[in-house]
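Now for the letters of each chain:
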2 protein chains.
Amino acid sequence: MLRKQHEYRWEGVDLLRYKEQDDTFRDVTRQVLFRNAPDIPCEWRYFEVAPGGWSTLEHHEHTHWVVIFRGRGEALLGDEVVAVAAGDAVEIPAWTWHQFRANQGEELGFFCLVNSVRDKVTLPREEDRARFLANPKIRKFLEADNGEE
Amino acid sequence: MLRKQHEYRWEGVDLLRYKEQDDTFRDVTRQVLFRNAPDIPCEWRYFEVAPGGWSTLEHHEHTHWVVIFRGRGEALLGDEVVAVAAGDAVEIPAWTWHQFRANQGEELGFFCLVNSVRDKVTLPREEDRARFLANPKIRKFLEADNGEE
């Protein structure tokens, strides 16, 4: 049993770097709560984006099952920007562009379930980014990328 | 995307009976948030036990990954009675006896991930129940079974 401690940490669970490559996100931590039971070939992770931070904008073949545990923010899901808050459940199907931003002045903490065997993420190419920026809502969502706060 | 509504309900998600057989639990609801992505052969359910209620005391071969989302209570896990509160993560391995009780005056709401293909649960036999009742802590935990509140 993993007892939750203060500050959204779990006993005996390491606080990990979100990704090795660190120029695609800001202020995100990762904890792995469960991994690979005999009949569950998955990982159940907890990510927390600090206020003002964001996860990597990416897509990939593997599915994400996300449930927001704490706080609020916004997410890019395909071509949509949606508000997300504690309790919301988001399935991110294969090859759907996605990013989570804690852009509402609060932490954004969420569980994310994946298969333990999965493909690496793909980042947007120049033409993908141009397409995102051509959409005013997505541009507004992404523009925190362009400057310091 | 499943947006959480008031009262811990999700949009478009049916509020289900916990189990068909209803003499082994009290005041438990079930909602299925995710089921069977191409690469995730699982179900992600949300159970909520109303104050004073309890889930079935059972064991089975399949694994449960449980994360408490809301409130507090106690759980029987094998031979232990443990306090559980929002954020705690509990792996219930194969053939571990378990029961959740909202016996602290609050709801106890939890996520429970399982493989979509799983064995049926087994209930305690007389000799199992006698062994539980011989343990004072477990007896105290279970004794709400013995009377009306």
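Look above for the structure.
Reading the values: rules and limits
Residue indices begin from 1 for each chain and proceed along its sequence in written order. Think of it this way: whatever chain is written first is A, whatever ligand is written first is 1, and the rest follow in order. Totals for whole chains, interfaces and linings use all residues, but because this is a predicted model, local features are given only for residues with pLDDT of at least 70 and pairs of side-chain atoms are given and counted only at 80 or more. Water and hydrogen atoms play no part in the side-chain values, which are based on all heavy atoms of the structure. A run of H or I in DSSP counts as a helix once it spans at least four residues, and a run of E counts as a strand once it spans at least two, with each numbered from the N terminus. Classification of residues uses two cut-offs on accessible area relative to the type maximum, computed with a 1.4 Å probe and protein chains only: under 20% is buried, over 50% is exposed, and between them is partly exposed. Strand pairing is defined by DSSP finding a minimum of two bridges between the two strands. For this overlay, a least-squares fit was computed on C-alpha atoms, restricted to residues scoring pLDDT of at least 70 in both copies. In plain terms, two cysteine sulfur atoms within 2.5 Å form what is called a disulfide here.

1. Things to note about unusual backbone geometry
Residues and elements named next belong to chain A. Its identity is not glycine, yet N36 carries a phi of approximately 55°, on the positive side. Along the chain, the position of N36 falls in strand β2 (residues 26-37). Positive phi is not limited to glycine here, since W95 has a value of about 65°. Topologically, W95 is positioned in the loop between β6 (89-92) and β7 (98-101).

2. What about the pairing of β7(A)?
All names here are of chain A. Here β7 shows a buried face lined by H98 and F100 and a second buried face lined by Q99 and R101. Bridge analysis of strand β4 (residues 64-77) against β7 gives four bridges, and the strand direction is antiparallel. Considered in β7, the bridge of L77 is made with H98.

3. Remarks on the relation of the copies chain A and chain B
Take chain A, turn it by 180°, move it 0.0 Å along the axis, and it overlays chain B with an RMSD of 0.0 Å. The transformation just described matches what one would write down for a two-fold rotation axis. Identified as the residue of chain A closest to the rotation axis by C-alpha distance is F69(A), at 3.8 Å.

4. Examining the state of the cysteines
Scanning the model with the defined rule gives zero disulfides over all chains in all. Summary of cysteine pairing: C42(A) is not part of a disulfide, and the nearest cysteine sulfur, belonging to C42(B), is at 4.0 Å. Exposure remark for C42(A): the relative accessible area of 0% places this residue in the buried category. Note on C112(A): no disulfide assigned, nearest cysteine sulfur contributed by C42(A) at a separation of 11 Å.

On their own, these measurements won't tell you what the molecule is for.
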